[in-house]
Amino acid sequence: MSIQAAQDVSTSYSQPSGRKGKFFTAKRIGTPILIVVALSALLLFLYTRGEPDSIEGFALNWEYQLARIDEHIRISITAALLVAAIAIPLGIIASRTKSRFVRGFITSFANVGQATPAIGVIILLALIIGIGWTTAIIALVLYGMLPVLRNTMAGLAQVDPFVVESAKGMGMTPLQILFRIELPLAVPVILAGFRTTLVFSVGVATIATFINAGGLGETIVVGLKLSRPAVLLTGAVVVSCIALLMDWLAGLIEDVLRPKGV
Amino acid sequence: MPKSNNTSGASIELLNVTKQYPNQDQAAVENFSMKINPGELIMLVGPSGCGKTTTMKMINRIIEPTSGSITIDGEDVLSLDQNTLRRRIGYVIQQIGLFPHMTIAENVSVVPKLLGWSKEKTAARVEELLSVVELDPKTFLNRYPKQLSGGQQQRVGVARALAADPPVMLMDEPFGATDPITREKLQAEFLRLQESIGKTIVFVTHDFDEAIKLGDRIAVLGPKSKIEQFDTPARILANPASEYVSSFIGEGAALKRLALLLVGNTKMGAASKANAKAGSVSVSDNLREALDRIVLAGGNTIGVQDATGATVGSLSIEQISEALGADVSALGK
Amino acid sequence: MLGKYDLSTIWQFMLDRVEEITELTLEHIGVVLLSLAFASIIGVGIGLLVWNKPISRSFAVASTGVILTVPSMALLAMMIPVFGLGWVPTVIALSLYSLLPIVRNTVVGLREVSPAVMESATGMGMSKFRVLMQIQFPIAWPVILTGLRVATQLAVGIAAIAAYVAGPGLGEYIFKGLSMLGAIHALNFALVGTLLIVLIALTFDAIFILITRYTTSKGIRA
């Protein structure tokens, strides 16, 4: 039953765009427009309200913001790439085991992982290993593994067994089949998982501020603690735009990397 | 096929009905006109794409006609509320479409419930119908569609369409999705059913033999549902109106005609031991079977027995072909 | 840091704070249930309205998807200038997040009903509304329930962050653990908070699976 649950959750959450070849969909065009509109509104709001006071000035300047943005993007992308490097091979190995026990174990583990709050993972790790950038990365990688791991397994599972059989019949070695047939066919699903992880990472990296890893979360918390709504909103809007941007870029990559004819 | 004496059917008239889809330059159905008498079983036969299903589906407005008029018992179909109309028409489609989340009993009860029948009346009707389609009510009432075989599902589909006792039935290849053996059984049962209830039925099929077996009248349709010939099976077989119709009939038209004629209705010869050497057929068999037996046994004649087994006459090849009004040597053309 | 920690203290730790823990647990469950109630009504409602209208449908799915993409901390933060702190921004944010799985699954479930079933229902004279409620909805029910299940898991996890906007629930313990960095009980607080949240999520999941089983017609149970 929990295997079915995990499948339900993963397919419902990290689904490939399935747009069937349409490059210009509403979301594809709408998202950049939304980002531009949101950022313009923010800038308009900030410029028309007059000079920031001394406290706000600390955060509401280009230097500060760009530094936070840079930190944030660095963490998110590093974590996502690490996740890909670890979780995809792991997923391949996992999908190869005939043992139902191993598969069940991984799925149960994934289920529990899904149920664990990101903030909990981060803070627990921080309490054990210490605060800082490294801890944040480890937390992000641990937490972000699930979508990619699950989708790698699901993606490989949904490859038509008859296709694999005919490849075998042609004399391809298992490794050749993996790299030339199975992985390419599983790419849409795997990429959908990667996309989820990327968006997760941006979101969780926001929380990383609590353990001194920097990022735009800091802007938000500063705004909250010092009761400066302008700062709060700036952090929130900018990080949202980054998340949307990442999602949009990942969607583009998905479409580009999808093998023709799938 | 014998028409029933008690008919609960309505008359249907289609006048210059056309269906034009906006994104196509040819009409799907063009100027289709037909008058159907109460209690008739009309077969619409034609190749795929000729529009026969579209024509049928315009009668209950699943597809809306672009122009033309359709009346049932004089009432203009297009002026009625769609749902009211459809609750008075039994509808059986090829893919059956049983509701998977309902039991068989619930499936069959749908239209009666829509019409507000009482629980008792509905339950009684459901049991009656299941028996009619030869599904034991006790076993099947509470089963779900996924537990039934294809043939059984098809029967439930027919029972469901009959539930509210509609005067008109529309059937689109209802026996199409079954194997030949099941299909033959279903066709035989269906005929028996129609004999006792006599509804007006428009039946779509691409199988000409099915059309001959079941229909009172057959409409052979060409592209855009153009009516190439609209007549009884016997007359179409005897006098195909065009090459097109002949190609439908295929080989052995005369033999097919023989299948429509009963031994009991044919002028027979005297009963004698000599004539019965090759064996006997019953008065209720058809002439094709009789010819088949004669050919198998060799010789020229076969005996004829009545229901009690008493020999009442004999049949020779000449008498068989006389019944056809054709020459034996022309058989098998 | 770990050297100073003794796992056996956790049981006593919990016993000492039974009332508080119970209260926070109930708060956590409560805020999730409340948000889910709102999200279900709104989400399923939207799904029922747009499932067969392509433009509205893709707009609904896309916009609820955009909400889900926004980092939870950011969404919660954006609520504050308008709604303040505490329960209100939390419930609103959780409800908004839960919309996507519910809307998408409702739409997908309704659309996946076989065309043959739809046609025979229409052909029998059922009005479009009847077909939607008596045929499509029951058949789509398991898929819709899955959407609710996913939404619940999301909400349980995100509710943990709500503590930083003074929201209800076990997140408070997690943040307490953080603020007590270095103290003896820091890890206990964070661990108890996290583990209980995991437990709540898994329990909800199990309940949903049972509900799915018992409310799905036998005819469509896989």
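Before reading on, note that the structure itself is shown above.
Overview of the structure. Note that this is a predicted model, so its numbers are computed, not measured.

In this section: the overall build of chain C. Along chain C, the regular secondary structure elements total nine helices and zero strands. If you list the helices and strands of chain C from N to C, you get α-α-α-α-α-α-α-α-α. Principal axes of the C-alpha set define a box for chain C whose edges measure 75 × 40 × 25 Å. Residues classed as buried in chain C amount to 52% of the 222 residues present. Partitioning the contacts of chain C with sequence separation of at least 6, the portion at a separation of at least 24 is 75%.

On to the interface of chain B and chain C, then. Residue-level contacts link 20 residues of chain B with 17 residues of chain C. Within the residue set of the side of chain B that touches chain C, elements represented by two or more residues are α2 (82-86) and α3 (104-114) of chain B. No other element matches α3(B), which puts three residues into the side of chain B that touches chain C. Residue composition of the side of chain B that touches chain C, grouped by class: 12 nonpolar, five polar and three charged.

Okay, the environment of A:K27 next. Residue and element names in this part refer to chain A. Its location among the elements puts K27 in helix α2 (residues 26-48). A count of 20 C-beta atoms within 10 Å places K27 in the buried class. Linking K27 and W248, residues 221 residues apart in sequence, is a C-alpha distance of 8.4 Å.

Moving on: the nonpolar core. Among the nonpolar cores identified, the biggest contains 206 residues, and A:I122 and C:A190 are the most heavily contacted of them. A per-element tally of this core places helix α7 (residues 128-159) of chain C first, with 14 residues. In contact with C:A190, not counting residues within four places along its chain, are A:G120, A:I123, A:L124, A:L127, C:Y173, C:I174, C:G177 and C:L178. Grouped together as the second largest cluster of nonpolar side chains are 13 residues, B:L258, B:A290, B:I320 and B:L324 included.

This brings us to the pairing of strand β9 (residues 217-221) of chain B. Residues and elements named next belong to chain B. For β9, the buried fraction is high: four of the five residues fall into the buried class. As paired elements, strand β3 (residues 41-45) and β9 share four bridges and run parallel to each other. Directly across from M43, in β9, lies its bridge partner I218. Here four bridges tie β9 to strand β10 (residues 227-231), and the two strands are oriented antiparallel to one another. The partner of I218 across the bridge, within β10, is D231.

Moving on: unusual backbone geometry. All names here are of chain B. For I96, which is not glycine, the phi dihedral falls at a positive 65°. Positive phi is not limited to glycine here, since D165 has a value of about 55°. Structurally, D165 can be placed in the loop between α6 (150-162) and β7 (168-172). By C-beta crowding, D165 is classed as partly exposed, having 14 other C-beta atoms within 10 Å.

Let's shift gears to the environment of C:I46. All names here are of chain C. By the element assignment, I46 lies in helix α2 (residues 18-50). A residue is classified by how many C-beta atoms lie within 10 Å of it, and I46, with 21 of them, is buried. Counting along the chain gives 56 residues from I46 to I102, while the straight-line C-alpha distance between them is 9.3 Å. I46 has contacts with A60 and V103, leaving out every residue within four places of it along the chain.

Another aspect to go through is the packing of α2(C) against α7(C). All names here are of chain C. With their axes 9 Å apart at the nearest point, α2 and α7 run at an angle of 145° to one another. The interaxial crossing formed by α2 with α7 has right-handed handedness. Each of H28, V31, V32, S35, L36, A39, S40, V44 and L48 in α2 lies in contact with α7, whose residues at this interface are L132, I144, L148, A151, T152, A155, V156 and A159. Split into classes, the residues belonging to the contact of α2 with α7 amount to 13 nonpolar, four polar and no charged.

On the chain C side, the residues contacting the 43 residues of chain A number 42 residues. Only α1 (2-13), α2, α5 (100-115), α6 (118-129), α9 (174-207), α10 (216-225) and α11 (229-257) of chain A provide two or more residues apiece to the side of chain A that touches chain C. Broken down by element, the side of chain A that touches chain C gets its largest block of residues, 10 residues, from α11(A). For the side of chain A that touches chain C, a count of residues per class yields 29 nonpolar, 11 polar and three charged.

Here is what the cut-offs are and how they apply
Residues numbered from 1 in each chain as written. Chains lettered and ligands numbered in written order. Predicted model: local features only at pLDDT ≥ 70, side-chain atom pairs only at ≥ 80, totals over all residues. Helix = DSSP H or I, 4+ residues; strand = E, 2+ residues; numbered from the N terminus. Buried ≥ 20, exposed ≤ 12 C-beta atoms within 10 Å, placed from the backbone. Contact = placed C-beta atoms within 7 Å. Nonpolar A, V, L, I, M, F, W, Y, C, P; charged D, E, K, R; others polar. Core = buried A, V, L, I, M, F, W, Y, C linked by C-beta atoms within 7 Å. Pairing = 2+ DSSP bridges. Axes fitted to C-alpha atoms, helices over the stretch in contact; angles between N-to-C directions. Left-handed = near helix turned anticlockwise from the far one by under 90°.

Structural measurements only, silent on function.
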